[in-house]
Amino acid sequence: MKPAQCSGRLWGLAPSALLLAAWVGAASAALPVQPLERIAFGSCNRADRPQPLWAPILAVQPDLWIWTGDIIYADTTDMQRMAEGYARQKAESGYVALRRTVPVMGIWDDHDYGRNDAGAEYPQKKQSAKLLLDFLDEPEDSPRRQQEGLYTARVFGPTGRRVRVLLLDTRYHREPPGVGADPLGTEQWNWLAQQLESAAHEFVVLVSSIQVLNEANPYESWGRYPRARARLLKMIESSAALGLVLVTGDRHFAEIARWGSAQLRYPLIEVTASGLTHSWKDFPGEPNPYRSGPVYTGLNFGVLRFQWQGQGVELAVEVRDRSGAAVHQVAQWYPSTGLENADASR
C-alpha cells in the first residue's frame, strides 16, 4: 500500500523536517529519516464558529496534527448535511494553512459520527465513515476503507526514536455502557494487542476520543465500561513499549491525569484537550482522583514535545490556550535502560 497523498505531497512528509511516516503493515513503506518531535491535537470543533486556534497551533510547528473527535458537529442521518459540514471545515482558512505544511490524522467521536452518544446501532455508520475518510484524504487503498471501524496506526521516526500513533474507534462497535459491555469490538481488540506487541522499544501515543482513567467522570468515558477499561490498562501494563501516553478529548475542557501501577515502569499520563471552538466555561467541577494540576476551561489544544536522548526520551505534555501559551504542563522521563528486563518478563 502506498503512502497517502495530501496537497500534492507524501502524507507523512513534513517539508520543514523531512519527516516520513510509515503505514503499519505496508509492504514497501519508506524508511523514516528523522524522529518525531512535536504533536499537536484537539477536539470539539464547530465548523460554523470562529476558529482562533489555528495560528497558535501553527506557531508550535507541529510535525503532526491529530483530530481526537468531534471534528464537526453533524448530529444527523442526512449524509448531505454531514458532507457539507466537512466541506466547510476543510475550506476554513486557518485549517487550510495547517494542511499545507502539517500531516493530519484523525478519528471521530459521537457528533461527527452522527448522533450524540451513538454506537454500533447508528444506521449510517458506513456512509459516515466514508465522509470522514474523504475529509482526511485517506488513500483509496487504505485498510480503513475496507475494515469495520476506523481504528488505525502509523509509525514515525527511525529505530531507537520511533513513535507509534494508535487511534482507537470508540463508536463503530460500541455497545451500550455496562459492566461487561464492549466499546471496541473483537477485531479492534485483537488489532490493539498486535500493535502493542509490535511496539517494543517504541513510544506509543494512544488516542481515545473519550477519557480513559477517570472512573468518576459522569459522562461518556471508559469508566462506564469497567471490564473493558481494566482490560485496556492490563494491555498497557504488559507492553514493552519505551513509554505510552493517552490522548483524549470530548469534555469541553482540558486536564492532565496520572495513574500509577506496580507493573508499569512509568506513570501513565492522560492529557485531555477539548474545546477548539467552544468550551465549558461554567464547568462546576467534578472529582478525578488522578488529576494532576488544574482544569482549564478556556479554548485549548494539546501538545506533546519529545526530547530524544541517547538513553531515552523526555516527554513534555502541554495544554495551551488561544494565545499559544502553556497553561498547564507536566514532564516525564522514559529511560530506555531496563527495557531488556521488561522484554524478558513478558
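Before reading on, note that the structure itself is shown above.
An account of the accompanying structure is given in this report.

Observations concerning the overall build of the protein
A count of helical and extended segments in the protein gives 8 helices and 15 strands. Burial status across the protein gives 59% buried among its 346 residues. In the protein, the share of contacts with a sequence separation of at least 24, taken over all contacts with a separation of at least 6, comes to 70%. About 13,200 Å² of surface is accessible on the protein, with carbon and sulfur atoms providing 50% of the total.

A short note on the packing of aromatic side chains
Under the counting rule described, the total for this entry stands at 20 aromatic pairs. When the centroid spacing of 5.0 Å and the interplanar angle of 35° are considered together, the rings of Tyr 86 and Phe 135 count as tilted. With a gap of 49 residues between them, Tyr 86 in helix α2 (residues 79–90) and Phe 135 in helix α5 (residues 125–135) connect regions that are remote in the sequence. The burial state of Tyr 86 is the same as that of Phe 135; both residues are buried. Each member of the aromatic cluster is reached from another via a ring pair, and the members are Trp 54, Trp 65, Trp 67, Tyr 86, Tyr 95 and Phe 135. Over the ring of Tyr 172 we find Lys 125, and its NZ or CZ is 4.3 Å from the ring centre. Between Arg 231 and the ring centre of Trp 189, over which it is positioned, the NZ or CZ distance is 4.2 Å.

Things to note about the sheet that holds strand β13 (residues 301–309)
Read across the sheet, 6 strands follow the order β6-β5-β4-β13-β14-β15 without closing on themselves; strand pairing throughout is mixed. Unpaired on one side and paired on the other, β6 (104–106) and β15 (326–335) mark the two borders of the sheet. Geometrically, the sheet is characterised by an average inter-axis angle of 20° between neighbouring strands, direction not taken into account. In the sheet, strand β4 (residues 38–42) pairs with β13 via 4 bridges, with the strands oriented antiparallel. Paired with Phe 41 across the bridge in β13 is Gly 302.

Quick word on the layout of surface pockets
The computed volume of the largest pocket comes to approximately 240 Å³. Lining the largest pocket are 13 residues, with Tyr 219, Asp 250, Arg 251, His 252 and Trp 280 positioned closest to its centre. Along the lines of polarity and charge, the residues of the lining of the largest pocket split into 2 nonpolar, 4 polar and 7 charged.

So, the packing of helix α6 (residues 186–198) against helix α7 (residues 226–238)
Each pair of packed helices can be described by the angle between their axes along with the distance between the axes. With their axes 10 Å apart at the nearest point, α6 and α7 run at an angle of 20° to one another. The orientation of α6 relative to α7 falls into the category roughly parallel. The element α6 and its partner α7 pack so that their crossing is right-handed. Residue-level contacts link Trp 189, Leu 192, Ala 193 and Leu 196 of α6 to Ala 228, Arg 231, Leu 232, Met 235 and Ile 236 of α7. In terms of residue class, the contact of α6 with α7 is built from 8 nonpolar, no polar and 1 charged.

With respect to the pairing of β13
The two faces of the sheet receive side chains in turn, since in a regular strand these alternate between them. In the sheet, β13 pairs with strand β14 (residues 312–320) via 9 bridges, with the strands oriented antiparallel. Residue pairing across strands places Trp 308 opposite Val 313, the latter belonging to β14.

Looking at the pairing of strand β10 (residues 243–248)
With respect to burial, β10 is a largely interior element, 6 of its 6 residues being buried. In β10, alternate side chains face the same way, and those of Gly 243, Val 245 and Val 247 on one face and Leu 244, Leu 246 and Thr 248 on the other are all buried. Pairing analysis gives 5 bridges linking strand β9 (residues 203–207) to β10, with the strands arranged parallel. Directly across from Phe 203, in β10, lies its bridge partner Gly 243. With α7 bridging β9 and its parallel neighbour β10, the resulting β-α-β unit is right-handed. Direction of pairing for β10 relative to strand β12 (residues 268–272): parallel, over a ladder of 4 bridges. Counterpart to Thr 248 in the pairing with β12 is Thr 272.

Overview of unusual backbone geometry
Positive phi values are uncommon outside glycine, yet Asp 250 reaches one of about 80°. When you line up the elements, Asp 250 lands in the loop between β10 and β11 (255–259). Of the residues examined, Asp 250 reaches a relative accessible area of 15% and is grouped as buried. Positive phi is not limited to glycine here, since His 252 has a value of about 65°. Residue His 252 is classed as partly exposed on the basis of its relative accessible area, which comes to 23%.

Concerning the nonpolar core
Within the largest apolar cluster, 97 residues are counted, with the highest numbers of intra-cluster contacts made by Val 205 and Leu 304. Apart from residues lying up to four places away in sequence, Leu 304 is in contact with Glu 37, Arg 38, Ile 39, Phe 41, Val 205, Val 245, Val 247, Val 271, Leu 315, Ala 316 and Val 317.

Rules used throughout
- Residues numbered from 1 in each chain as written.
- Predicted model: local features only at pLDDT ≥ 70, side-chain atom pairs only at ≥ 80, totals over all residues.
- Heavy atoms only, no water.
- Helix = DSSP H or I, 4+ residues; strand = E, 2+ residues; numbered from the N terminus.
- Buried < 20%, exposed > 50% of the residue type's maximum accessible area, 1.4 Å probe, protein only.
- Contact = heavy atoms within 4.5 Å.
- Areas by Shrake-Rupley, 256 points an atom, 1.4 Å probe, with all protein chains shown as cover.
- Phe/Tyr/Trp six-rings, centres within 6.5 Å; stacked < 30°, edge-to-face > 60°.
- Lys NZ or Arg CZ within 6 Å of the ring centre and 35° of its normal.
- Pairing = 2+ DSSP bridges.
- Axes fitted to C-alpha atoms, helices over the stretch in contact; angles between N-to-C directions.
- 1 Å grid on protein atoms, 1.4 Å probe; cavity = no way out; pocket = protein on both sides within 12 Å on 5 of 7 lines; lining within 4 Å.
- Points joined across faces, edges and corners; volume = space filled by probe spheres on them.
- Nonpolar A, V, L, I, M, F, W, Y, C, P; charged D, E, K, R; others polar.
- Parallel < 35°, antiparallel > 145°, perpendicular 65-115°, else oblique.
- Left-handed = near helix turned anticlockwise from the far one by under 90°.
- Right-handed = clockwise from strand over helix to strand, strands pointing away.
- Core = buried A, V, L, I, M, F, W, Y, C linked by side-chain atoms within 4.5 Å.

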